[in-house]
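# Structural overview
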Amino acid sequence: MKGSLAIYRALKDSGIKFICSVPCANLKNLLKLVDEDEYFLHVPATREEEAFGICAGAHMAGKKTAILMQNSGLGNSINAIASLYKIYQIPTLLIISHRGELKEKIPAQIPMGRWVTKLLDVCEIPYYKPKTPEKAYKIIKYASEYMEKISYPVAVLFDALYWEWDY
Ligand SMILES: O=CCS(=O)(=O)O
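Here we summarise the structure given alongside this text.

Cut-offs applied
Residues numbered from 1 in each chain as written. Predicted model: local features only at pLDDT ≥ 70, side-chain atom pairs only at ≥ 80, totals over all residues. Heavy atoms only, no water. Axes fitted to C-alpha atoms, helices over the stretch in contact; angles between N-to-C directions. Helix = DSSP H or I, 4+ residues; strand = E, 2+ residues; numbered from the N terminus. Parallel < 35°, antiparallel > 145°, perpendicular 65-115°, else oblique. Left-handed = near helix turned anticlockwise from the far one by under 90°. Contact = heavy atoms within 4.5 Å. Nonpolar A, V, L, I, M, F, W, Y, C, P; charged D, E, K, R; others polar. Disulfide = S-S within 2.5 Å. Phe/Tyr/Trp six-rings, centres within 6.5 Å; stacked < 30°, edge-to-face > 60°. Buried < 20%, exposed > 50% of the residue type's maximum accessible area, 1.4 Å probe, protein only. Near = heavy atom within 4 Å. Polar contact = N/O pair within 3.5 Å; in protein donor to acceptor, adjacent residues only side chain to side chain. Areas by Shrake-Rupley, 256 points an atom, 1.4 Å probe, with all protein chains shown as cover.

## Side note on the packing of helix α1 (residues 2-13) against helix α2 (residues 28-35)
Axis separation between α1 and α2 bottoms out at 9 Å; the angle between their running directions is 40°. With respect to each other, α1 and α2 are oriented oblique. For the crossing formed where α1 meets α2, the hand is right-handed. For the pair formed by α1 and α2, the contact residues are S4, L5, I7 and Y8 on the first element and N29, L30, L33 and V34 on the second. The residue inventory of the contact of α1 with α2, partitioned by class, reads 6 nonpolar, 2 polar and no charged.

## Looking at the state of the cysteines
According to the stated counting rule, one finds 0 disulfides in the structure shown. The closest cysteine sulfur to the non-disulfide-bonded C20 is located on C55, 3.9 Å from its own sulfur. Of all cysteine sulfurs in the structure, the one in C20 sits closest to C24, which takes part in no disulfide; the separation is 17 Å.

## Re the packing of aromatic side chains
Tallied over the full model, the rule gives 6 aromatic pairs. With a centroid separation of 5.0 Å and 90° between ring planes, the pair formed by Y39 and F40 is classed as edge-to-face. The exposure class of Y39 is partly exposed, given its relative accessible area of 25%. For the ring pair Y162 and W163, a centre distance of 5.3 Å and an interplane angle of 90° mean the geometry is edge-to-face. In this structure, Y162 and W163 share a single accessibility class: buried. An aromatic cluster is present here, built from Y8, Y39 and F40 joined pairwise through their rings.

## A closer look at the site of the ligand
Surveying the vicinity of the ligand reveals the residues C24, A25, Q70, R99, I106 and Q109. One nitrogen or oxygen atom from the side chain of Q70 is found 3.0 Å from an oxygen atom belonging to the ligand. Side-chain polar atom of R99 to an oxygen atom of the ligand: 2.9 Å apart, as the coordinates give it. Surface burial for the ligand is 57%, taken as the share of its 250 Å² of free accessible area covered by protein chains. The class makeup of the residues in the shell around the ligand is 3 nonpolar, 2 polar and 1 charged.

Put into structure tokens, the structure is as follows:
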């Protein structure tokens, strides 16, 4: 659980209280930690673009937010990012389970696995890819500050090898 614990602790220590999520198998431990902790207001969403909409509203209500999602969901969210987050300068922290690369068993995950960083670049979203729990904790803390400085989303991607810290 070391991998998920590092992310959970970093979210909490960053003052992020409002979290939307769309599940991924690799997020299961993190989702359990967040859902069972009353510190967080955790709102599960049915699609990632819905999560972006909900977190935009939470931001406008003064909340510091994060979205837990799979990289495939970024493809569902481009217009929400362009028409809402870019226009109204809305920050949120994207905790992204990066599927479709090493160890991936689902062929359909592979294209988005290879495109996700290119799509983040197109959306002008800075992204980081920590490989250890220690780096994950540090990067999330800094990313949660940086997103407010640029008033825009910042993404932290966790590939299949990162989640081996959970087993
Ligand atoms: O999106 C894929 C489904 S799972 O592998 O995360 O369960």
